[in-house]
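# Architecture and fold: a report
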Amino acid sequence: MFRIRKATLLNKNLVLSILEWALFRFASRDDNFRTLLDLLLHENPTLRILEVGAGTRGITSHILSTLKGFEASTGGMRFSEFVFTDKSHYFLEGAQNKFQAFARRMAFKTLNLDRSPIEQVFVKISYDLVIAGCVLHATRDLKEMLSDLRLLLKPGVHVLYLEVVVPESVITNFPFGVLPGWWSSFEKYWSLSLVIME
């Protein structure tokens, strides 16, 4: 019998490349997303951005590319800090290498969304914008996680998130449903599909 080891796939970045291509490509082409990001950054060019569950770097790549374009066209700074977080140390080193051009304004930290961020040495009321790309569904308790995350936010901030919202979709449930992290929730309404309802 032929078996593919998960570690082999991850080491070759095949899984990460597929996720990046399939799920986050929209960000670089969505005019509404770019316009919203431009308005938020124009309003506050010293924005402190927190990206949660950023491991695959898919949406991070598109956002930083967009930010770089904004800065090139205006000649001014559009954010002061971008904090890249993920539950696993595994993804942080790769992200540091990939985003070296932003090294002075980026930080790389572990953040487990199933635990209080305050217990993980994150400071209350610190961030102006939170970005979550296809990660909210992977938490054990969505309501509790959002309450915990809110502790880090300044008043009037925005949360930009990308989630698949079609629970009956075979395209999302089949390929990702075989991954153990997909089923970490204990909420009853996620017993058949971990796609977040609108």
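Residues numbered from 1 in each chain as written. Predicted model: local features only at pLDDT ≥ 70, side-chain atom pairs only at ≥ 80, totals over all residues. Heavy atoms only, no water.

## Overview of the pattern of salt bridges
In the structure shown here, the tally under the stated rule is five salt bridges. In this structure, Asp38 engages Arg78 in a salt bridge whose closest nitrogen and oxygen atoms are separated by 2.5 Å. With a gap of 40 residues between them, Asp38 in helix α4 (residues 31-43) and Arg78 in the loop between α5 (58-74) and β2 (81-86) connect regions that are remote in the sequence. Classification of Asp38 as partly exposed rests on a relative accessible area of 29%. Its salt-bridge partner being Asp114, residue Lys87 comes within 4.0 Å of it at the nearest N-O pair. Of the two residues, Lys87 sits in the loop between β2 and α6 (90-98) while Asp114 sits in the loop between β3 (106-110) and β4 (127-133), which places them 27 residues apart along the sequence. (Salt bridge = Lys/Arg side-chain N within 4 Å of Asp/Glu carboxyl O. Helix = DSSP H or I, 4+ residues; strand = E, 2+ residues; numbered from the N terminus. Buried < 20%, exposed > 50% of the residue type's maximum accessible area, 1.4 Å probe, protein only.)

## Considerations on the confidence of the model for the chain
Confidence along the chain averages 77 in pLDDT terms, with 67% of residues attaining 70 or more. Of all secondary-structure elements in the chain, the lowest mean pLDDT belongs to helix α1 (residues 6-11), at 44, while β3 reaches the highest, 96. Considering only residues more than four positions removed or in separate chains, one finds that residues 1-12, a stretch of pLDDT under 50, has seven contacts. (pLDDT = per-residue confidence, 0-100. Contact = heavy atoms within 4.5 Å.)

## Quick look at the layout of surface pockets
Taken as a whole, the second largest pocket holds about 190 Å³ of empty space. In terms of lining, the second largest pocket is formed by Leu146, Ser147, Leu149, Arg150, Leu153 and Val159. Of all the secondary structure elements, the ones that give two or more residues to the lining of the second largest pocket are α7 (142-150) and β5 (153-162). Top contributing element to the lining of the second largest pocket by residue count: α7, with four residues. Grouping the constituent residues of the lining of the second largest pocket by class yields four nonpolar, one polar and one charged. (1 Å grid on protein atoms, 1.4 Å probe; cavity = no way out; pocket = protein on both sides within 12 Å on 5 of 7 lines; lining within 4 Å. Points joined across faces, edges and corners; volume = space filled by probe spheres on them. Nonpolar A, V, L, I, M, F, W, Y, C, P; charged D, E, K, R; others polar.)

## A look at the nonpolar core
Counting 26 residues, the largest nonpolar core has Leu37, Ile49, Leu67 and Phe79 as its most contacted members. Taken together, the elements giving at least two residues each to this core come down to α4, α5, β2, α6, β3, β4 and β5. Top contributing element to this core by residue count: α5, with five residues. The contact partners of Phe79, leaving out residues within four places of it in the chain, are Leu41, Pro45, Leu47, Ile49, Leu64, Leu67, Glu71, Phe102 and Arg105. (Core = buried A, V, L, I, M, F, W, Y, C linked by side-chain atoms within 4.5 Å.)

## What about α5?
For α5, which comprises 17 residues, the first-to-last C-alpha distance of 25 Å matches the rise-based estimate of 24 Å (1.5 Å per residue) to within 8%. Following α5 by one or two positions, Gly75 adopts a phi angle in the positive range, close to 80 degrees. (Expected span 1.5 Å × (residues − 1).)

## Focus: the environment of Ala103
Position of Ala103 among the secondary structure elements: in the loop between α6 and β3. It is 9.9 Å that separates the C-alpha atoms of Ala103 and Glu81, two residues lying 22 residues apart in sequence.

## Here we look at empty space enclosed by the protein
Evaluation of the coordinates by the stated rule reveals one cavity of 30 Å³ or more. Its volume calculated, the largest cavity comes out at about 40 Å³. Lining the largest cavity we find Leu111, Asn112, Leu113, Arg115, Pro117, Met145, Asp148 and Leu149. Here the residues of the lining of the largest cavity are counted per class, giving five nonpolar, one polar and two charged.

## Quick word on the sheet that holds β5
Spatial ordering of the open sheet is given by β3-β2-β1-β4-β5, a layout of five strands whose pairing is parallel. The two strands at the open ends of the sheet, each matched to only one other strand, are β3 and β5. Ignoring strand direction, the axes of neighbouring strands in this sheet form an average angle of 20 degrees. Examined bridge by bridge, strand β1 (residues 48-52) and β2 share four bridges and lie parallel to one another. Paired with Leu50 across the bridge in β2 is Val83. (Pairing = 2+ DSSP bridges. Axes fitted to C-alpha atoms, helices over the stretch in contact; angles between N-to-C directions.)

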